[in-house]
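Commentary on secondary and tertiary structure
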Amino acid sequence: MKQPVFTGSCAALVTPFTSDHSAVDYSALRRLLDFQLENGTDAVVICGTTGEAATMSYAERMRVIETAVRHVDGRIPVIAGTGSNNTENAITLSKDAALAGADALLVVTPFYNKATQKGLIQHYITIADAVTKPLILYHVPSRTGVTCTAETYAALARHPNIVGLKEAGGDLALVQKTREMCPEDFCIWSGNDDETAPMMLLGGKGVISVAANVVPGEMHELTAACLNGDFAAAGQMQLKLRKLCEALFQEVNPIPVKTALAMMGYCQEVFRLPMCEMERSNREKLQAVLAEYGLV
């Protein structure tokens with residue numbers, strides 16, 4: 001029986017950069033991790049989409065993972081983003097992230113190549129065969145241009161190292177079919193904050209969350225209510241967070257959430273191209289919503 005890497009809320013953490021864009025701000029990274037640990041977050045993803053991993057060097061990615069592992073010190077799982085559209089690169093990233101101490105690996109579908117379902121199965125099995133850490137599939141077709149089927153998930157769920165799925169496709173019918181076709185120990189986590197309660201109602205184990213960067217306690221409470229079967233309370237919490245989630249996705253992630261964290265004093269408002277500062281009008285809307293939620 002496979003064990004869940006985590007249940008509840010996992011923050012997909014931003015990567016803070018120094019003011020000249022040249023380096024990771026490790027003091028700010030530790031500050032962000034402390035904010036998560038102090039507010040009940042159940043796990044963190046390092047070097048994922050929200051962490052701008054695509055703009056980081058290989059050495060930076062490994063040092064960020066090592067820093068997070070060392071700072072968290074076993075208190076919660078640290079999951080490393082190690083996906084690539086080159087299978088060999090994904091294997092190397094995954095092996096080195098495991099050596100750096102990551103508890104699990106989050107592997108996005110190969111982007112741009114647009115693999116067939118057969119190719120996706122071979123890609124993931126080849127990576128899973130090469131590592132011993134639990135591997136979580138990451139499905140986000142709006143970014144990758146690749147859509148997985150429930151049949152593909154069912155085939156991959158048979159692999160002992162492939163333990164679950166971060167589902168960010170926005171297709172609850174696919175979630176239902178996946179839950180029906182895959183064994184119970186194949187976990188499904190929401191990849192969209194605004195679908196957390198609905199997906200957990202369908203058997204999901206939690207969320208890998210952008211919003212948890214700024215409201216870690218609230219996202220933990222929302223998922224805890226779901227895990228306890230209190231979906232009436234969870235639904236109210238989900239509705240309460242609607243406006244915040246909307247504000248955090250008014251421009252492409254992670255631009256709004258990093259801007260929000262800068263407004264809250266946790267890091268600098270620094271991005272690496274092609275990510276850039278928010279449009280002024282959107283920034284003003286974000287600041288107003290943060291003020292409404294008492295975050296600034």
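Here, the structure is the one placed above.
Residues numbered from 1 in each chain as written. Predicted model: local features only at pLDDT ≥ 70, side-chain atom pairs only at ≥ 80, totals over all residues. Heavy atoms only, no water.

Once that is clear, we can look at the pattern of salt bridges. For side chains bearing opposite charge, pairing can occur when the charged atoms are close. This structure, assessed with the given rule, holds six salt bridges. The partner of K258 in a salt bridge is E52, with the nearest N and O atoms 2.6 Å apart. Taken together, the residues span a long stretch of sequence, with K258 in helix 12 (residues 255-263) and E52 in the loop between strand 2 (43-46) and helix 2 (58-72) at a distance of 206 residues. Considered together, K258 and E52 belong to a single accessibility category, that of buried residues. When the shortest N-O distance is used, the salt bridge between K243 and E292 registers 3.2 Å. Note that K243 is positioned in helix 11 (residues 242-248) and E292 in helix 13 (residues 280-292), a separation of 49 residues in sequence. (Salt bridge = Lys/Arg side-chain N within 4 Å of Asp/Glu carboxyl O. Helix = DSSP H or I, 4+ residues; strand = E, 2+ residues; numbered from the N terminus. Buried < 20%, exposed > 50% of the residue type's maximum accessible area, 1.4 Å probe, protein only.)

Next up on the list: the packing of aromatic side chains. In the structure shown here, the tally under the stated rule is two aromatic pairs. Centre to centre, the rings of F6 and W189 are 5.0 Å apart; their planes meet at 15°, and the pair counts as stacked. Remark: W189 occurs in strand 7 (residues 187-190) and F6 occurs in the segment before strand 1 (8-12); sequence separation between them is 183 residues. Like W189, F6 is buried. Residues F35 and Y266 carry aromatic rings whose centres are separated by 4.5 Å and whose planes lie at 25° to one another, so their mutual orientation is stacked. Taken as a pair, F35 in helix 1 (residues 26-38) and Y266 in the loop between helix 12 and helix 13 lie far apart in primary sequence, 231 residues in all. Like F35, the residue Y266 is buried in the burial classification. Over the aromatic face of F17 sits the side chain of R272, whose NZ or CZ is 4.2 Å from the ring centroid. (Phe/Tyr/Trp six-rings, centres within 6.5 Å; stacked < 30°, edge-to-face > 60°. Lys NZ or Arg CZ within 6 Å of the ring centre and 35° of its normal.)

In this section: the sheet that holds strand 7. Strand order in this closed barrel of eight strands is 1-2-3-4-5-6-7-8, and the pairing throughout is parallel. Strand-to-strand twist in this sheet, taken as the mean axis angle between neighbours without regard to direction, amounts to 25°. Note that strand 3 (residues 78-81) and strand 4 (residues 104-108) share three bridges and pair parallel. Along strand 4, the bridge assignment pairs A80 with L105. Lying on the sheet, helix 9 (residues 216-227) is in contact with strand 1 and strand 8 (206-209); it crosses strand 1 at an angle near 150°. (Pairing = 2+ DSSP bridges. Axes fitted to C-alpha atoms, helices over the stretch in contact; angles between N-to-C directions. Contact = heavy atoms within 4.5 Å.)

What follows deals with the packing of helix 3 (residues 87-99) against helix 4 (residues 117-130). In the contact formed by helix 3 and helix 4, the axes pass within 9 Å of each other and the chain directions differ by 30°. Classified by the interaxial angle, the pair formed by helix 3 and helix 4 is roughly parallel. Once helix 3 is placed against helix 4, the crossing between them reads as right-handed. Facing T87, A90, I91, S94 and K95 of helix 3, the residues of helix 4 in contact are H123, T126, I127 and A130. Residues of the contact of helix 3 with helix 4, tallied by class, amount to four nonpolar, four polar and one charged. (Parallel < 35°, antiparallel > 145°, perpendicular 65-115°, else oblique. Left-handed = near helix turned anticlockwise from the far one by under 90°. Nonpolar A, V, L, I, M, F, W, Y, C, P; charged D, E, K, R; others polar.)

Okay, helix 2 next. Given 3.6 residues to a turn, an α-helix orients residues that are three or four positions apart in the same direction. Spanning 15 residues, helix 2 covers 21 Å between terminal C-alpha atoms, matching the ideal 21 Å at 1.5 Å per step. Regarding helix 2, the residues found buried are E60, R61, M62, V64, I65, T67, A68 and V72. Looking at the buried residues of helix 2, the elements they touch are helix 1, strand 2, strand 3 and helix 3. Directly beyond the C-terminal end of helix 2, a positive phi value near 55° is found at D73. (Expected span 1.5 Å × (residues − 1).)

Where burial is concerned, the two faces of strand 7 agree: the one with C187 and W189 and the one with I188 and S190 are both buried. Bridge analysis of strand 6 (residues 162-167) against strand 7 gives four bridges, and the strand direction is parallel. Across the sheet, G164 pairs through a bridge with C187, a residue of strand 7. The β-α-β motif built from strand 7, the intervening helix 8 (residues 196-201) and the parallel element strand 8 has right-handed crossover chirality. (Right-handed = clockwise from strand over helix to strand, strands pointing away.)

We now examine the pairing of strand 1. Here strand 1 lies mainly inside the structure; five of its five residues are buried. Note: strand 1 against strand 2, three bridges, orientation parallel. Bridged to A12 within strand 2 is V45. As for the winding sense of the linkage, the β-α-β connection from strand 1 through helix 1 to strand 2 is right-handed.

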